[in-house]
Amino acid sequence: MTPNLPSDPTRRQLLAGGAATALALALPLGACAGGGAGAPNAEDVSSLPVRIDTNTSAQQGVFFGLFKEAALTEVVADCQNDYRIKPASAMWFTRFGSPFPESAIRYLAQQGIAAQVTWEPWAERNEAIPLADIVAGKWDAYLAEYGAAAAALDLPFMLRWGHEFNGDWYPWCTVRQGQSTDLYVKAYRRVVERMRAAGATKVQWVWCFNNESTPAGAWNAPKLAWPGGDVVDWVGIDGYNFGTSQSWSRWTPFRDVFGNALAAAADIAPGKPVILAEMASSENGGDKAAWITQMFADLATLPQVRAFTWFDLMKETSWAITSSEAAWAAMAKGLRGDHIRGNGAALLSIASPR
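Everything in this summary refers to the structure shown in the same document. This structure is a prediction, so every number in the text was calculated from the model and none was measured.

1. Details of helix H2 (residues 102-110)
Then step 1. For H2, every residue scored as buried is listed here: Ala104, Ile105 and Leu108. Projected onto a plane normal to the axis of H2, the buried residues spread over an arc of 95° and lie on a single side. Among the exposed residues of H2, those oriented more than 90 degrees off its buried face are Ser103 and Gln110.
Then step 2. Buried-residue contacts for H2 involve helix H1 (72-83), strand S2 (89-95), strand S3 (114-120), helix H4 (140-153) and strand S4 (157-161).
Then step 3. A positive phi of about 75° marks Gly112, the residue just after H2.

In structure tokens, the structure reads:
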């Protein structure tokens, strides 16, 4: 899902007048090492100490990440102020052709937070970049420049290119390529190989599909777009509980949002760590607070899922954590679970070094 770029009108359109009715929170920024004690209600979330994860081991736990449409300095501060935890990662979107985000990755690394860069093949004026152009080498010079900048920075970060290819809302989707994954696979591999040839060996590549294929034909199965284990470090899955916010949607528990996709990931890439690279729940059609509470319980039983990133935004529906006091309190409580992690260095140590 892209916050501000063109998208399919029936599934990706911004809500009319979609300003968030966020809680008016003015909480002090604090810091402490903290864990699973306490079950906050809405009225006492603000009194919780900020949870700082100092454990550098990646052996256990699920790492919490956040996407907000704000400057990274605000994302980091707001997460600690509002949700009382320092995140393990922060995610943002950037266009193919944009400069390498050296300062953003460096800033997060200095905070002990992993960078998740979603790199979309849109051109400067929102034009689609033909995958055939990438395969033909027309972007090789740019990729060499980007890769050289990543090599000079010499810091690990996560890079998610061409996500949700099994949907129908992006120009790089399989349905837009004559129902063939051939160009996508070749383009993905070329991006990785050109970057590595420029010395960018610390990039952790996230190959990411949508939890449900749209259209749902056999030709659109994610496994057909698998580019190979040598160019993938993480398997990403995007999935949302739209509830009844859309004409075509229904309330869907967390485990049902991701169950089939996790089974597909295990079949495609056994042993690869999984990140739920975008996820959230609507308020419409059910109890969002209960959905969040069950999500944390389910995550404790899914060892292949090592990270998740909440899409903290009012877009198609009420994805934001602060869409209600009950949802906010449930999130603050769940993020204090013993299995929830917030250490960026530990997160980046999960993928096997190359």
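2. Focus: the packing of aromatic side chains
Then step 1. Taken as a whole, this structure holds 32 aromatic pairs when the rule is applied.
Then step 2. Relative to Trp172, the ring of Tyr170 lies with its centre 4.3 Å away and its plane at 15°, an arrangement referred to as stacked.
Then step 3. Taking relative accessible area as the criterion, Trp172 reaches 1% and is therefore assigned buried.

3. A look at the nonpolar core
Then step 1. Counting 95 residues, the largest nonpolar core has Trp119, Trp161, Trp207, Leu276, Met295, Phe308 and Trp310 as the members making the most contacts within it.
Then step 2. Among the elements that line this core, the one with the most residues is helix H6 (residues 254-268), at 7 residues.
Then step 3. In contact with Trp207, other than residues within four places in its own chain, are Phe165, Tyr184, Tyr188, Pro222, Ala225, Trp226, Pro227, Val232, Trp234, Val235, Gly236 and Ile268.
Then step 4. In terms of nonpolar packing, the next biggest core, distinct from the first, is built from 16 residues, Val206, Ala307, Leu348 and Ala351 among them.

4. Here's the deal with unusual backbone geometry
Then step 1. The omega angle of the peptide bond from Thr214 to Pro215 is 0°, so this bond is cis rather than trans.
Then step 2. As for its position among the elements, Pro215 is in the loop between strand S5 (203-210) and strand S6 (234-241).
Then step 3. One non-glycine residue, Arg84, lies in the positive phi region at around 60°.
Then step 4. Assignment of secondary structure puts Arg84 in the loop between H1 and S2.
Then step 5. Judged by relative accessible area, Arg84 falls into the buried class, the value being 3%.
Then step 6. One non-glycine residue with positive phi stands out, namely Asp154, at about 60°.
Then step 7. Of note, Asp154 is situated in the loop between H4 and S4.
Then step 8. Under the relative-accessibility criterion, Asp154 is labelled partly exposed at 43%.

Rules used throughout
- Residues numbered from 1 in each chain as written.
- Predicted model: local features only at pLDDT ≥ 70, side-chain atom pairs only at ≥ 80, totals over all residues.
- Heavy atoms only, no water.
- Buried < 20%, exposed > 50% of the residue type's maximum accessible area, 1.4 Å probe, protein only.
- Helix = DSSP H or I, 4+ residues; strand = E, 2+ residues; numbered from the N terminus.
- Arc of directions from axis to C-beta.
- Contact = heavy atoms within 4.5 Å.
- Phe/Tyr/Trp six-rings, centres within 6.5 Å; stacked < 30°, edge-to-face > 60°.
- Core = buried A, V, L, I, M, F, W, Y, C linked by side-chain atoms within 4.5 Å.

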